[in-house]
Amino acid sequence: MNQQTILPQNFSPPTGQNSPGGKLEFSDKSFSSWRKYIYDICGIYFQDSKKYLLESRLQKRIMYLNLESFDQYLDFIRYNANGAAEKKYLFEVITINETFFFRNQPQLDALVSSVLPEVIADKIKLGRNKVRIWSAASSSGEEAYSVAMSIVDLIKPKYPSFEFEIVGTDINQTMVDTAKKGIYKDYSIRNSPAYYLKKYFKQTPNGYEIDSELKKMVSFRVMNLFDDLSMKAMINFDVIYCANVLIYFDLSSKTKVISNLYNSLSKGGYLFIGYSETLHGVSKSFKLISYPKTIGYKKE
Ligand SMILES: C[S@@+](CC[C@H](N)C(=O)[O-])C[C@H]1O[C@@H](n2cnc3c(N)ncnc32)[C@H](O)[C@@H]1O
């Protein structure tokens, strides 16, 4: 969609006032209103120290839309008929999407050597043959595809009759579109073992493209982890990755998201979070399991 089409028809023509390079004032009051609004819709909490970051990110969008102030942009999103569509762009400017392939190798090792063999053994007892994995906050898809590569390489040959479904979700539409395309630049593959690079990527003029068979195992869509209704629809997962997103939440939003993720897991399912994240003080529902150089959280 053309970004301009989201503007109201009777919107004032560009005044030229907001020329690139100009600076709008971001008062403490505006910052508080914006912080509360963002927090309420997606759980991301901008600390006081991140005021400047929020200011510079919102300002780019305000300039683009030729609006005149931070408050006007907030009103536009909240009350204008096109405000709901604008949220897509808001999420693009406020999220940090840093990710890369094989970001957390110890977690992948734990997945293939302990978690999946256990989950699969339980499924066999129940006469089931499908494993479901969710990369919640998948950004541009590197985490979900790293899981897919590890499974195809190390698990599939041992359990050929098993089906593996991997779902990636993120609040940022552009990241989801990139994940679906599955074409990556050098930055994303910098940590990828040469073996996987050779086996599961094709070099194209646009970058490294994920193998088409692997793409079929993984689906991506936009989803807000803070949206209770969407979260309630995510059920029966055996493994959930929710890595490097809790750091943007405060305790209360972490608690809400983790409790929903707990409900999304099947009994005996596992949750993995980021290196620098912890569920200490957030949830007591999981059993902490130690693996070499990493930990996982089990729903018993
Ligand atoms: C730093 S990336 C982490 C990507 C990947 N999980 C990893 O560990 O490499 C954080 C992602 O969380 C997403 N995100 C932030 N808030 C979210 C929310 N409320 N719902 C869904 N995704 C969210 C961002 O758009 C971003 O792509």
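Remember, predicted model here, so these are calculated numbers, not experimental data.

### Regarding the site of the ligand
- Every one of the 25 residues lining the ligand counts as a neighbour, but Thr95, Thr99, Ala137, Ser139 and Leu225 are closest to it.
- Residues belonging to the shell around the ligand are distributed by class as follows: eleven nonpolar, ten polar and four charged.
- If you count residues domain by domain, the shell around the ligand takes at least three from each of domain 1 (3–94) and domain 2 (105–298).

### Structural notes on unusual backbone geometry
- The backbone of Asn66 shows a phi angle near 60°, a positive value even though the residue is not glycine.
- Here Asn66 lies in the loop between α2 (51–65) and α3 (70–79).
- Of the residues examined, Asn66 has 17 C-beta atoms within 10 Å and is grouped as partly exposed.
- In the Ramachandran plot, Ser139 falls in the positive-phi region, its phi being about 50° despite a non-glycine side chain.
- In this structure, Ser139 sits in the loop between β1 (130–136) and α6 (142–154).
- The exposure class assigned to Ser139 is buried, which follows from the 26 C-beta atoms found within 10 Å.

### What to know about the sheet that holds strand β4 (residues 201–204)
- Strands sit in the order β3-β5-β4 across an open sheet of three strands; the sheet is antiparallel. Edge positions in the sheet fall to β3 (183–184) and β4, since each of these pairs with one other strand and no more.

### Notes on the domain arrangement of the protein
- Each assigned domain of the protein is listed here: domain 1 (3–94) and domain 2 (105–298).
- Inter-centroid distance (C-alpha atoms) of domain 1 to domain 2 is 32 Å.
- Contacts between domain 1 and domain 2 engage eight residues on the former and twelve residues on the latter.
- Breaking the side of domain 1 that touches domain 2 down by element, the ones donating at least two residues are α1 (28–42) and α4 (83–94).
- Considering each element in turn, the side of domain 1 that touches domain 2 owes the most residues, three residues, to α4.
- Of the residues belonging to the side of domain 1 that touches domain 2, the class tally is five nonpolar, one polar and two charged.

Basis of the calculations
- Residue numbers here run from 1 along each chain, matching the order of that chain's written sequence.
- Residue-level local features of this predicted model are given only where pLDDT is at least 70; pairs of side-chain atoms are given and counted only at 80 or more, and the full residue set underlies all totals for whole chains, interfaces and linings.
- Near, as applied to residues and a molecule or strand, means the residue's backbone-placed C-beta atom lies within 6 Å of it.
- For this classification, Asp, Glu, Lys and Arg are treated as charged, while Ala, Val, Leu, Ile, Met, Phe, Trp, Tyr, Cys and Pro are nonpolar and the rest, including Gly, are polar.
- These domain limits were set by an automatic method or by a database of domain assignments.
- Only runs of H or I of at least four residues qualify as helices and only runs of E of at least two qualify as strands under DSSP, and these elements are numbered from the N terminus.
- Exposure is read from a count of other C-beta atoms within 10 Å of each residue's own; the residue is exposed at 12 or fewer, buried at 20 or more and partly exposed in between. C-beta atoms are placed from the backbone.
- Whether two strands pair depends on DSSP finding at least two bridges between them.
- A residue pair is marked as a contact if its C-beta atoms, positioned from the backbone, fall within 7 Å.

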